[in-house]
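What the coordinates show
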Amino acid sequence: MKSVSVIVPVYNVEKYLARCLDSLLGQTQPDIEILVVNDGSTDTSGRIVDEYAQKYPDRIRAFHMENEGVSAARNRGVAEAEGKYLTFVDSDDYVTIDYLERMVEAAEKNHADLVVQGFRMVDESGNVLAEVCPTAYIPGEKEEWPLRIISAWGRLFRREFWMQHNLTFPLG
């Protein structure tokens, strides 16, 4: 079993996709799988996905589907995932080299079903525009703001928990 399944929904992001995938391939967390779901892109994103899957067959699995939206693409990735943990990375984003390792360490240390990670907003040149760094969340002791940010990215879920609760992304 892989440690983490990273699900990357893709739609018309040819400009950003290589940077995203390269950041995932460079992770310090061992034994990850990267599931790239092309949601009917009309640019060269689908070709880029296939090139990476062919070049890194032991790390990247590619899936192609008709355009149904990001929720359907994420759900497809979850259905194909084999890792102990699930996480989502948007295809126009990129992550630090220890992104997954830090989340897995936190999940293992705390026996957590969910880990919430901070993030940086950057411009096209990589200049940091804003930084949001959550502190450790302890129910009743820390502010719950990290749980209020609505996004799929920046979170690590224990896959067993996800499946037990039949979690899915609503279509549309």
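Residues numbered from 1 in each chain as written. Predicted model: local features only at pLDDT ≥ 70, side-chain atom pairs only at ≥ 80, totals over all residues. Heavy atoms only, no water.

Tallying secondary structure elements over the protein gives six helices and eight strands in all. Seen in sequence order, the protein has helices and strands lined up from the N terminus as β-α-β-α-β-α-β-α-β-β-β-α-β-α. For the protein, the proportion of its 172 residues judged to be buried stands at 41%. Carbon and sulfur atoms make up 51% of the accessible area of the protein, which totals about 9,600 Å². (Helix = DSSP H or I, 4+ residues; strand = E, 2+ residues; numbered from the N terminus. Buried < 20%, exposed > 50% of the residue type's maximum accessible area, 1.4 Å probe, protein only. Areas by Shrake-Rupley, 256 points an atom, 1.4 Å probe, with all protein chains shown as cover.)

Quick look at the sheet that holds strand β8 (residues 155–158) now. Pairing within the open sheet is mixed, and its six strands lie in the order β3-β2-β1-β4-β8-β5. Of all the strands in the sheet, the pair left with one neighbour each is β3 (60–65) and β5 (114–116). Strand-to-strand twist of the sheet, defined as the mean angle between neighbouring strand axes without regard to direction, takes the value 20°. Pairing of strand β1 (residues 4–10) with strand β2 (residues 32–39) involves seven bridges; the strand directions are parallel. Bridged to V4 within β2 is I32. (Pairing = 2+ DSSP bridges. Axes fitted to C-alpha atoms, helices over the stretch in contact; angles between N-to-C directions.)

Every buried residue of helix α1 (residues 17–25) is accounted for by L17, C20, L21, S23, L24 and L25. Elements in contact with the buried residues of α1: β1, β2, α2 (45–55) and β3. (Contact = heavy atoms within 4.5 Å.)

What follows deals with the nonpolar core. Residues V4, V8, L24, I34, V36, V89 and L156 are the most contacted members of the largest nonpolar core, which totals 29 residues. For this core, the secondary-structure elements that each account for two or more residues are β1, α1, β2, α2 and α4 (99–110). Among residues more than four places away in sequence, those in contact with L156 are V4, Y85, L86, T87, M103, V104, A107, D113, L114 and V115. Of all hydrophobic cores here, the second largest spans 15 residues; its members include I7, L35, V78 and F88. (Core = buried A, V, L, I, M, F, W, Y, C linked by side-chain atoms within 4.5 Å.)

So, about the packing of α1 against α2. Between α1 and α2, whose axes approach to 10 Å, the crossing angle comes to 25°. As far as their axial angle goes, α2 and α1 are roughly parallel. Note on packing geometry: the crossing formed by α1 with α2 is right-handed. Contacts between α1 and α2 involve L17, A18, L21, D22 and L25 from the former and S45, I48, V49 and Y52 from the latter. (Parallel < 35°, antiparallel > 145°, perpendicular 65-115°, else oblique. Left-handed = near helix turned anticlockwise from the far one by under 90°.)

Using the criterion set out here, one finds six aromatic pairs in the structure. Consider the rings of F157 and W162, whose centres lie 4.9 Å apart with planes at 75°: the pair is edge-to-face. Each of the two residues, F157 as well as W162, counts as buried. Each member of the aromatic cluster is reached from another via a ring pair, and the members are F88, F157, W162 and F169. The ring of Y94 carries R19 above its face, with NZ or CZ at 3.7 Å from the centroid. Sitting above the plane of the F169 ring, R74 keeps its charged end 5.4 Å from the centroid. (Phe/Tyr/Trp six-rings, centres within 6.5 Å; stacked < 30°, edge-to-face > 60°. Lys NZ or Arg CZ within 6 Å of the ring centre and 35° of its normal.)

Let us now look at unusual backbone geometry. Positive phi is not limited to glycine here, since N12 has a value of about 50°. Note that N12 resides in the loop between β1 and α1. Note on N12: relative accessible area 30%, which makes it partly exposed. A positive phi is found at H111, a non-glycine position, where the angle reads about 50°. Judged by relative accessible area, H111 falls into the exposed class, the value being 72%.

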